[in-house]
Amino acid sequence: MASQGVKILMSLDAEAVSSLKEGINFKKNPDDGKCYIIYKSEDTFRACKNQCKHQGGLFIKDIEDLDGRTVKCTKHNWKLNVSTMEYVNPPDSFMQDDLEVEMLDGGGLQLVELSPPDPWLVDPQDRLELQEGEVKVTYLTHACMELQLGQWRFMTDPWLKGPAFARGWWLLHEPPADSLDRLCGADFIYISHMHSDHLSYPTLKVLSERRPDIPIYVGDTSRPVFWYLEQSQVKLTNINVVPFGVWQNVDEHLRFMILMDGVHPEMDTCIIIEYKGHMILNTVDCTRPNGGKLPQNVDLMMSDFAGGASGFPMTFHGGKYTEAWKAEFIKTERRKLLNYKATLVKSLQPRIYCPFAGYFVEAHPSDRYIKDTNTKNNPEELNALINKTAPGIVTWTPKPGAVLDLCLALRSPVDSEAITNPPASAQIYKDNWDFDLYVDELNSAVSCEIFKRHGWIQFYYTWAGFKNYNLVVRVIETDDNFTPLNNGHDYLVDFLDLSFPTKRPDREHSYVEIRNRIGVMRYVVKNGLLWDDLYIGFQNRISRDPDIYHHKFWNHFQIELPVTKPNWDEFLQQVPPEQEPDALDDGKQGSYCVLA
């Protein structure tokens, strides 16, 4: 079976994109004559094939639609709202399949779809009756589930100890006391992507010391999931990178298939696990899993729900970013996410739905502001919305150690024995995170010899490889309260020519100012880590002029940095030591400032 690939259906250059009007646009591919609909709203796009899902008729503009969002089928007058991809006449009938809209450097775009779009239909399994206790799903914490499937035990995304994203995220739920034992005794582990709340090196270090040869499965993303493994010094010897959309057979009854995300195919994945014809769909953090095309009527579906996994807008300041604006934005975005998840679940009609992969907390005392501001969706609220709009779907909000018996749950959704909750005495929420152990490790980078030599700035950004972009960034090293340190670094990087001026250039340019906690910034620089630790981990404060998002810049530093760290040994040999600086405000040794 060939792996799933990406098929480009149509491309538009920058001029054609700029000519798209707000609302509905009909476009024909001159190469094959096939037609597509592109919906533009401000600077965002949605697209679909010009083909009605009912009986394949073509759509035309709906002259009765005053809002410019609806098209009408020429066969039976079915109507599609292209802004939502919902059929509005007849209502509650179908959802139109989105095409992925990929924006290209230079302003163009292309419409793409996955091929084949539904690879799970290959080689269908007969659906066999399950026995009580044959399939059990145990929630451990965050995105970590243990699946008992007959004689096999399958573990997903084990983050069981330590922080994620440097020191920004900490586990909300206390994993059961035997969680690490369960992990080390599993038959397989699936890790969905490289983010540290799913790929947890503190957790995997324990695993490597006890069972380094355990089979671990990841998708074949362009940024390897385990790109940092060698440098981490965690010894795991049985990592399996598998192609997308291909069944991986364990035995005659058990198989699984890893699928890519339509929005972040370079790093994000989801998984279908099938046992005796019963499917479990785990979409994890995917924004548009498998491009939006997913199996319907699975036995169990799991997905994220919470929101809040970004520094925006909590870490931004200046201009419109008042506390009132942030609060309203966060409230609106969380509601949109909640409605999207409920609509997705309703459209897929799983027998059982479980929200997970959102149980983190900004627990460190220095991040109290983020914790108070970054409100997240409540899983009970999502499940209530699903119960209201799709009452036939059973919902499950798990507690750490709770067990779902799939046989009993499918046989009778109201069976009280289908779910076993942890004992009343079990600790549900963490109250101790060993902050100092992990924060001290980050802060150990502050006194590194690298940062006592002024040339590290040019050496690092040359290694990073981002340039030819009209953006000037000011980076300021700060204490935990984001107050600049007297002898911390404060420098400009002009990414147009990768220069390091002492003042902003006279030409017109975009400007971003980033204040980074010194320990995290230096740890990231020293180890060649991605800037997700800073941005998603809430370890910086950002202002920008003009107030626009520089996708190319952030995408590079969050996803596209080199997979091997800077050669600091070479740097130390090339650059002579400088005069020893004064001590930093926090008692650590620092280095010179570029800007006054």
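Residue numbers run consecutively from 1 along every chain, following the written order of its sequence. For this predicted model, a pLDDT threshold of at least 70 governs which residues receive local features, and a threshold of 80 or more governs which side-chain atom pairs are given and counted, while totals over whole chains, interfaces and linings are taken from all residues. Water and hydrogen atoms were dropped before computing side-chain values, which therefore reflect all heavy atoms in the structure.

*Asks:* Explain the overall build of the protein chain to me, using residue names and the numbers behind them.
*Replies:* Here a helix means four or more residues in a row that DSSP labels H or I, a strand means two or more in a row labelled E, and each is numbered from the N terminus. Looking only at helices and strands, the protein chain features 14 helices and 31 strands. For this measure, only C-alpha atoms enter the radius of gyration; the expected value for a globule follows 2.2 Å times N^0.38, where N is the number of residues. In summary, the protein chain has a C-alpha radius of gyration of 25 Å against a globular reference of 25 Å for 596 residues, a match within 12%. Over its C-alpha atoms, taken along the principal directions, the protein chain stretches across nearly 75 × 60 × 45 Å. Each residue's exposure class comes from its accessible area (1.4 Å probe, protein chains only) as a fraction of the maximum for that residue type: buried when under 20%, exposed when over 50%, partly exposed otherwise. Looking at the protein chain as a whole, 54% of its 596 residues qualify as buried. Partitioning the contacts of the protein chain with sequence separation of at least 6, the portion at a separation of at least 24 is 67%. Just so you have it, the protein chain exposes about 25,900 Å², and 49% of that area is on carbon and sulfur atoms. Between two residues, a contact is recorded if the distance between any of their heavy atoms is within 4.5 Å. Under the convention used here, a 1.4 Å probe and the Shrake-Rupley method define accessible areas, while residue burial counts only the protein chains that appear.

*Asks:* Which residues make up the packing of helix α9 (residues 435–443) against helix α11 (residues 518–527), and what are the values?
*Replies:* In this analysis an axis means a line fitted to C-alpha atoms, helices contributing only their contacting stretch, and an angle means the value between N-to-C directions, from 0 to 180 degrees. The contact between α9 and α11 brings their axes to 7 Å, and the two run at 60°. Along the contact surface, α9 presents Glu 441, Leu 442 and Asn 443, while α11 presents Gly 519, Val 520 and Tyr 523. Classification convention: Asp, Glu, Lys, Arg as charged; Ala, Val, Leu, Ile, Met, Phe, Trp, Tyr, Cys, Pro as nonpolar; all other residues, Gly among them, as polar. Each residue belonging to the contact of α9 with α11 can be placed in one class, and the counts come to three nonpolar, two polar and one charged.

*Asks:* Which residues make up the environment of Leu 121, and what values do they have?
*Replies:* In this structure, Leu 121 sits in the loop between β10 (109–115) and β11 (135–141). The spacing of Leu 121 and Pro 295 is 174 residues in sequence and 8.7 Å in space, taken between C-alpha atoms.

*Asks:* Provide a residue-level description of the pattern of salt bridges, including the pertinent values.
*Replies:* By convention in these notes, a salt bridge is any Lys or Arg side-chain nitrogen within 4 Å of a carboxyl oxygen on Asp or Glu. All told, the structure shown has 35 salt bridges when counted by the stated rule. Across the pair Asp 62 and Lys 79 runs a salt bridge whose closest N-O atoms are separated by 3.3 Å. One end of the pair, Asp 62, is in the loop between β5 (59–61) and β6 (70–73); the other, Lys 79, is in strand β7 (residues 79–81), and 17 residues separate them in sequence. Where salt bridges share partners, they join Arg 46, Asp 98, Glu 100 and Arg 288 into one cluster.

*Asks:* Can you tell me about the layout of surface pockets, naming the residues and giving the values?
*Replies:* Cavities and pockets were defined on a 1 Å grid built over protein atoms only: a cavity is a set of grid points that admits a 1.4 Å probe from which the probe cannot escape, a pocket is an open set flanked by protein on both sides within 12 Å along at least five of seven lines, and lining residues are those with an atom within 4 Å of any such point. Grid points are joined across faces, edges and corners, and a volume is the space filled by probe spheres set on the points. The computed volume of the second largest pocket comes to approximately 940 Å³. Lining the second largest pocket are 32 residues; nearest its centre among them are Tyr 201, Pro 202, Tyr 228, Glu 441 and Tyr 523. Looking at the lining of the second largest pocket, the elements that each hand over two or more residues are α3 (201–210), α4 (229–232), α9, α11 and α12 (532–535). Its residues placed into classes, the lining of the second largest pocket shows 19 nonpolar, seven polar and six charged.

*Asks:* Before we move on, could you go through the confidence of the model for the protein chain and cite the residues and values that matter?
*Replies:* How sure the predictor is of each residue is captured by pLDDT, a score from 0 to 100. Per-residue confidence for the protein chain gives a mean pLDDT of 93; residues scoring 70 or more make up 97%. Confidence drops under pLDDT 50 across residues 580–596; counting only partners more than four residues distant or on other chains, this segment forms 62 contacts.

*Asks:* Go over unusual backbone geometry with me, naming the residues and quoting the values.
*Replies:* At the junction of Phe 312 and Pro 313, the peptide bond is cis and its omega measures out at 0° in the coordinates. In this structure, Pro 313 sits in the loop between β22 (300–303) and α5 (323–348). In this structure, the amide linkage connecting Asp 545 to the following residue, Pro 546, adopts the cis form with an omega of 0°. Here the phi dihedral of Asp 434 falls at roughly 55°; this positive angle occurs in a residue that is not glycine. Inspection of the secondary structure assignment puts Asp 434 in the loop between β27 (419–420) and α9. A residue is classified by how much of its surface remains accessible, and Asp 434, at 48% relative accessible area, is partly exposed.

*Asks:* Describe α5, with residues and values.
*Replies:* Multiplying 1.5 Å by the helix residue count minus one yields the expected span of that helix. Counted at 1.5 Å a residue, the expected span for α5 with its 26 residues is 38 Å, and the 37 Å between its end C-alpha atoms agrees. Buried within α5 are the following residues: Lys 326, Ile 330, Arg 334, Leu 338, Lys 341, Ala 342, Leu 344, Val 345 and Leu 348. The inward-facing, buried residues of α5 contact β21 (278–282), β22, β23 (352–355), α6 (368–373) and α7 (379–389). Immediately downstream of α5, the backbone of Gln 349 shows phi near 55°, a positive value.

*Asks:* How would you summarise the packing of aromatic side chains if you had to cite specific residues and measurements?
*Replies:* The aromatic pairing rule takes the rings of Phe, Tyr and Trp, using the six-membered ring of Trp, and pairs them if the centres are within 6.5 Å, calling planes under 30 degrees apart stacked, those over 60 edge-to-face and the rest tilted. For the structure shown, the criterion picks out 47 aromatic pairs. Seen in terms of ring centroids, Phe 495 and Phe 553 are 5.5 Å apart; in terms of plane orientation they differ by 55°. Their pairing is tilted. In this pair, Phe 495 sits in the loop between β29 (490–494) and β30 (510–517) while Phe 553 sits in helix α13 (residues 551–560), placing the two residues 58 residues apart along the sequence. You'll find Phe 495 and Phe 553 in the same group, each marked buried. Cation placement over rings: the criterion is NZ of Lys or CZ of Arg within 6 Å of the ring centroid and within 35° of the ring normal. Between the NZ or CZ atom of Arg 255 and the centre of the ring of Trp 247, over which it lies, the distance is 4.0 Å. Its guanidinium or amino end placed over the ring of Phe 360, Lys 376 lies 4.9 Å from that ring's centre, counting from NZ or CZ.

*Asks:* For the sheet that holds strand β2 (residues 23–28), give the residues involved together with the corresponding values.
*Replies:* We call two strands paired when DSSP finds no fewer than two bridges between them. If you trace the three strands from one edge of the open sheet to the other, you get β2-β3-β4, paired in antiparallel fashion. The open sheet has two edge strands, β2 and β4 (44–49), and neither has a second partner. Sheet twist, expressed as the average angle between the axes of neighbouring strands with direction ignored, equals 25°. The sheet contact formed by strand β3 (residues 35–41) and β4 spans six bridges and is antiparallel.

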